[in-house]
Amino acid sequence: MGRYALLIVVAVIVLFPIYAMVIAALKPSNKVLVHPLRPDGFDTGALRAAWREGHLGRYLLNSGVVAVLVTVCQVATSVLSAYAFAFLRFRGRGVLFGVFLATLLVPVEVTLVINRRTISSLDWLNTYQGLAAPFLATAFGTFLLRQVFLQLPLDLREAAEMDGLGHFGFLREVAVPLVRPTIGALGLFSFLSSWNQYLWPSLAATDSKWYTVQTGLKLLKSSSLNRPNIVTAGTIIAALPIVAVLLLFQRQLVRGLTAGAVKG
């Protein structure tokens, strides 16, 4: 009984900010600060105004394209590099892997200036490739998948060699299906990280047509200082794709875990 009570308390703490945002977004501007937690005077006009005035359709499209591109590339590069560090034997492997890990200690802010200069020299400002290029690979993903690959029995690799499977065949037919839940978690993490990026898109996009949803919300806030319900409505609209992705990936992760248990 105490466990359920604790879960209820945690759920209330987590859901309360969401409840407050929804109430604020559905209230008229002149009632937002009057009994802010009471659901009265519902009006969807703030949602329509935020979508129209904030150009959120364009910004959501930009964020979606960049997030999908970053996610696909991060998963692909992480799988390949992690497999190399886990199964291939070559000189300097340990040193090179240490260099990979060392990049995790470098703050993103340190690389902003050189990345901005590089993107500018390539004439990639205000382009999707410019928004995504610095994040197409991640040392975190390499480390995560390498640790999972190292847990696979070496007998699987030897059996695959006896069946005539090379490295790419073993990776595609055996290794990737067995670590599918971890790959799904990495993909989810990559998507959310890219979607929530603010600092780099504000530097790589100087034309408002190429703003992502986070920079677009900043612009909407500056133009709606006396209408807090508009800003809150825009925030809710920006969060809806994240909720959808979380639900979709949750189902995929459950199926992957179940398949792994059955195969095991």
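Residues numbered from 1 in each chain as written. Predicted model: local features only at pLDDT ≥ 70, side-chain atom pairs only at ≥ 80, totals over all residues. Heavy atoms only, no water.

J.: Account for a nonpolar patch on the surface, naming residues and giving values.
T.: There is a patch of nonpolar side chains on the surface, built from Leu6, Val10, Val14, Leu15, Ile18 and Val22 and spanning about 530 Å² of accessible area. Take Val22: it is sitting in helix 1 (residues 2-25). The class for Val22 is partly exposed, based on a relative accessible area of 33%. (Patch = residues over 30% accessible without salt bridge, like charges linked within 9 Å, V, L, I, M, F, W, Y side chains within 5 Å. Areas by Shrake-Rupley, 256 points an atom, 1.4 Å probe, with all protein chains shown as cover. Salt bridge = Lys/Arg side-chain N within 4 Å of Asp/Glu carboxyl O. Helix = DSSP H or I, 4+ residues; strand = E, 2+ residues; numbered from the N terminus. Buried < 20%, exposed > 50% of the residue type's maximum accessible area, 1.4 Å probe, protein only.)

J.: So what about the pattern of salt bridges? Which residues, and what values?
T.: One pass over the structure, following the stated rule, counts 3 salt bridges. Across the pair Glu53 and Arg52 runs a salt bridge whose closest N-O atoms are separated by 4.0 Å. Since its relative accessible area comes to 55%, Arg52 is described here as exposed. A salt bridge links Glu161 to Arg157; the nearest nitrogen and oxygen atoms lie 3.6 Å apart. Taken together, the residues span about one helical turn, with Glu161 and Arg157 both in helix 8 (residues 154-162) at a distance of 4 residues.

J.: So what's going on with the confidence of the model for the protein? Which residues, and what values?
T.: Per-residue confidence for the protein gives a mean pLDDT of 85; residues scoring 70 or more make up 91%. Element-level pLDDT for the protein is lowest in helix 13 (residues 228-263), with a mean of 73, against a maximum mean of 95 in helix 6 (residues 128-132). Confidence drops under a pLDDT of 50 for residues 256-264, and excluding neighbours within four residues, the segment shows 5 contacts in the predicted structure. (pLDDT = per-residue confidence, 0-100. Contact = heavy atoms within 4.5 Å.)

J.: Would you mind going over the packing of helix 3 (residues 56-87) against helix 7 (residues 139-149) in detail, with residue names and values included?
T.: With their axes 8 Å apart at the nearest point, helix 3 and helix 7 run at an angle of 50° to one another. With respect to each other, helix 3 and helix 7 are oriented oblique. Crossing hand, helix 3 versus helix 7: right-handed. In this structure, helix 3 uses Ser78, Val79, Ser81, Ala82, Tyr83, Phe85, Ala86 and Phe87 to contact helix 7, whose residues at the interface are Gly141, Thr142, Leu145, Arg146 and Phe149. A breakdown of the residues in the contact of helix 3 with helix 7 according to their chemical character gives 8 nonpolar, 4 polar and 1 charged. (Axes fitted to C-alpha atoms, helices over the stretch in contact; angles between N-to-C directions. Parallel < 35°, antiparallel > 145°, perpendicular 65-115°, else oblique. Left-handed = near helix turned anticlockwise from the far one by under 90°. Nonpolar A, V, L, I, M, F, W, Y, C, P; charged D, E, K, R; others polar.)

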